[in-house]
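# Survey of secondary and tertiary structure
Take a look at the letters that make up each chain.
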Amino acid sequence: MSMHKFMDRVIVSACLLGMRTRYDGESKPADLPAELDGVCLIPVCPEQLGGLPTPRPASFIMEGDGAGVLAGESRLENVEGVDVTEQFLRGSAEVARLAKIFEVRRAYLKSNSPSCGFGVTQGPEGKIPGNGVCAEMLRRMGVEITVVD
Ligand code: SF4
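Small disclaimer: the values here were computed from a predicted structure and weren't measured. (Residues numbered from 1 in each chain as written. Predicted model: local features only at pLDDT ≥ 70, side-chain atom pairs only at ≥ 80, totals over all residues. Heavy atoms only, no water.)

## Looking at the environment of P57
In this structure, P57 sits in the loop between α1 (46-49) and β3 (59-62). On the basis of relative accessibility, which here comes to 26%, the residue P57 falls in the partly exposed class. In this structure the C-alpha to C-alpha distance between P57 and A99, which are 42 residues apart in sequence, comes to 27 Å. Those residues in contact with P57 that sit more than four places away from it in its chain are N78, V79 and E80. (Helix = DSSP H or I, 4+ residues; strand = E, 2+ residues; numbered from the N terminus. Buried < 20%, exposed > 50% of the residue type's maximum accessible area, 1.4 Å probe, protein only. Contact = heavy atoms within 4.5 Å.)

If you want it as structure tokens, here you go:
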């Protein structure tokens, strides 16, 4: 079934829309640009879709970035030292599935996150250059990504 007859659809990090999906159980509501007025927003949280609880221990990309994770060369750990790579990969794949179903061409993603960050993501010592796992997966699908602080 083609979705073309419906209005434009954009994926948005759920926490930016006020959903309390963040690791600390809070949201990060943002003023979205006027260009999104009248657009169908699809809220997603790749960490929740990957099966992680909320609240949850914060996670970081170890030795690399989202591209490294997709290549099997990097992994993610939470602050308790638990490997959460599988959950991040699963959640990102679910977001990719939604993007395909809804024929999404644009995404507005939360800055600096190990999942949603684009250009800057999270390493164990803080911000590092690179893309989060979900952002990298969407980028490879040709989705145009805008970072929202
Ligand atoms: S994974 Fe993305 S959507 Fe979920 S809380 Fe973190 S930044 Fe927000």
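## Points about helix α4 (residues 133-140)
For α4, the tally of buried residues reaches six of eight residues, placing the bulk of the element in the interior. Every buried residue belonging to α4 is among V133, C134, A135, E136, M137 and L138, and all of these are buried. Turning to α4, the residues buried within the fold contact α1, α2 (66-70), β4 (75-78), α3 (85-101), β5 (106-110) and β8 (144-148). Two residues or fewer past α4, G142 is found with a positive phi of approximately 90 degrees.

## Quick look at the site of the ligand
In the region of the ligand, 14 residues are neighbours, and C15, T21, C45, E47 and C116 sit closest. Of the residues in the shell around the ligand, the class split is six nonpolar, four polar and four charged. (Near = heavy atom within 4 Å. Nonpolar A, V, L, I, M, F, W, Y, C, P; charged D, E, K, R; others polar.)

## Focus on the sheet that holds β8
Either a parallel or an antiparallel arrangement is found when strands of a sheet pair, and the pairing is made through backbone hydrogen bonds. The parallel open sheet is built from four strands, whose spatial order is β2-β1-β5-β8. The outermost strands of the open sheet, each flanked by one partner alone, are β2 (40-44) and β8. Between one strand and the next, the sheet's axes are offset by a mean angle of 25 degrees, whatever the strand orientation. As paired strands, β5 and β8 are joined by five bridges and run parallel to one another. Residue pairing for β8: A107 is matched across the bridge by I145. (Pairing = 2+ DSSP bridges. Axes fitted to C-alpha atoms, helices over the stretch in contact; angles between N-to-C directions.)

## Considerations on the pattern of salt bridges
Going through the model one piece at a time under the given rule, you end up with 10 salt bridges. Of the charged contacts, one joins D8 and R106 as a salt bridge, the two residues approaching to 2.6 Å between their closest N and O atoms. Of this pair, D8 sits in the segment before β1 (9-13) while R106 is found in strand β5, placing the two residues 98 residues apart along the sequence. For R106, a relative accessible area of 19% translates into the label buried. Where D24 meets R22, a salt bridge forms, and the shortest distance between an N and an O atom there is 3.7 Å. (Salt bridge = Lys/Arg side-chain N within 4 Å of Asp/Glu carboxyl O.)

Taken by themselves, the reported measurements are silent on function.
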